[in-house]
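Examination of the molecular architecture
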Amino acid sequence: MFDLVKLVNNMWFMLNLVEGLLFLIFAVYFTVKPERVSFMITNFDRLPSAQREQYDLQGLSRYVCRAFTLCGVICIAGGFAAVAAGSVAYWISTALWVAVAVVTMRADNEKLLKKYRKG
């Protein structure tokens, strides 16, 4: 019976670890390709191209990269906590990264775009 519990706890650890690594890969990707990040900011990709050029895509990319990095760290920490606490740690870390993602991607566009406006 103990082996089954250990196996299930390892499954939660691996699931969190894979989620965390995927978030970190996305963070690196959006850092390298900042022009791809525009679809993640609400309605930014619908702006006319002349208006989009007024904004610092590198800055927006770093903003999204920080969010993905934070989500990745939360997942990896939740994975190590899942070794000790089991599925409870997995669900807590999942709730945390979902909250971080929602807060980050639902930021007020006017404030966000004003912050990253060139000039």
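Here's a quick rundown of the structure. (Residues numbered from 1 in each chain as written. Predicted model: local features only at pLDDT ≥ 70, side-chain atom pairs only at ≥ 80, totals over all residues. Heavy atoms only, no water.)

Side note on the overall build of the chain
Scanning the chain from N- to C-terminus turns up five helices and zero strands. Here the chain holds 119 residues, and 39% of them are scored as buried. Expressed as a percentage of contacts within the chain between residues at least 6 apart in sequence, the contacts between residues at least 24 apart total 75%. As displayed, the chain has an accessible area near 7500 Å², and 68% of this comes from carbon and sulfur atoms. (Helix = DSSP H or I, 4+ residues; strand = E, 2+ residues; numbered from the N terminus. Buried < 20%, exposed > 50% of the residue type's maximum accessible area, 1.4 Å probe, protein only. Contact = heavy atoms within 4.5 Å. Areas by Shrake-Rupley, 256 points an atom, 1.4 Å probe, with all protein chains shown as cover.)

Some words on the side chain of Asn 16
Its place among the elements puts Asn 16 in helix H1 (residues 2-32). Overall, Asn 16 belongs to the buried group, its relative accessible area being 0%. Sequence-distant contacts of Asn 16, that is, excluding residues within four places in its chain, are made with Cys 75, Ile 76, Gly 78, Gly 79, Ala 89, Tyr 90 and Ser 93.

Some remarks on helix H3 (residues 57-85)
With 29 residues, H3 extends 41 Å between its outermost C-alpha atoms, agreeing within 8% with the 42 Å of an ideal straight helix rising 1.5 Å per residue. Of the residues one or two after H3, Gly 86 is the one with positive phi, at around 80°. (Expected span 1.5 Å × (residues − 1).)

Examining the environment of Arg 62
Among the secondary structure elements, Arg 62 is positioned in helix H3. Judged by relative accessible area, which is 45%, Arg 62 ranks as partly exposed. Remark: the alpha-carbon pair of Arg 62 and Val 28, spanning 34 residues in sequence, is separated by 9.8 Å.

Some thoughts on the packing of aromatic side chains
Two aromatic rings are characterised by how far apart their centres lie and by the angle between their planes. Under the criterion given, the structure shown has nine aromatic pairs. Ring centres of Phe 23 and Trp 97 lie 4.8 Å apart, and the angle between their planes is 65°; on these two criteria the pair is classed as edge-to-face. Residue Phe 23 is found in helix H1, and its partner Trp 97 is found in helix H4 (residues 87-105); the two are separated by 74 residues along the sequence. In terms of burial, Phe 23 and Trp 97 fall into one category: buried. Through successive ring pairs, a cluster of aromatic residues spans Phe 23, Phe 26, Tyr 29, Phe 30, Phe 68 and Trp 97. (Phe/Tyr/Trp six-rings, centres within 6.5 Å; stacked < 30°, edge-to-face > 60°.)

Some remarks on a nonpolar patch on the surface
A cluster of nonpolar side chains, contributed by Met 14, Val 18, Leu 22, Ile 25 and Phe 26, occupies part of the molecular surface with about 460 Å² of accessible area. With respect to the helices and strands, Leu 22 occurs in helix H1. On the accessibility criterion, Leu 22 (44% relative accessible area) is partly exposed. (Patch = residues over 30% accessible without salt bridge, like charges linked within 9 Å, V, L, I, M, F, W, Y side chains within 5 Å. Salt bridge = Lys/Arg side-chain N within 4 Å of Asp/Glu carboxyl O.)

Side note on the nonpolar core
One finds Phe 23, Phe 44, Leu 60, Val 64, Phe 68, Trp 97 and Leu 113 to be the most contacted residues of the largest nonpolar core, which totals 21 residues. Contributing elements (two or more residues each) for this core: H1, H3, H4 and helix H5 (109-115). Residue contributions to this core peak at eight residues, all from H3. (Core = buried A, V, L, I, M, F, W, Y, C linked by side-chain atoms within 4.5 Å.)

Overview of the packing of H3 against H4
Direction vectors running N to C along H3 and H4 enclose 170°, while the axes themselves pass 7 Å from each other. Considering the angle they form, H3 stands roughly antiparallel to H4. Contacts from Tyr 63, Val 64, Ala 67, Leu 70, Cys 71, Ile 74, Cys 75, Gly 78, Ala 81, Ala 82 and Ala 85 of H3 reach H4 at Ser 87, Val 88, Ala 89, Tyr 90, Ser 93, Leu 96, Trp 97, Val 100, Ala 101, Thr 104 and Met 105. The residue makeup of the contact of H3 with H4, split by class, is 18 nonpolar, four polar and no charged. (Axes fitted to C-alpha atoms, helices over the stretch in contact; angles between N-to-C directions. Parallel < 35°, antiparallel > 145°, perpendicular 65-115°, else oblique. Nonpolar A, V, L, I, M, F, W, Y, C, P; charged D, E, K, R; others polar.)

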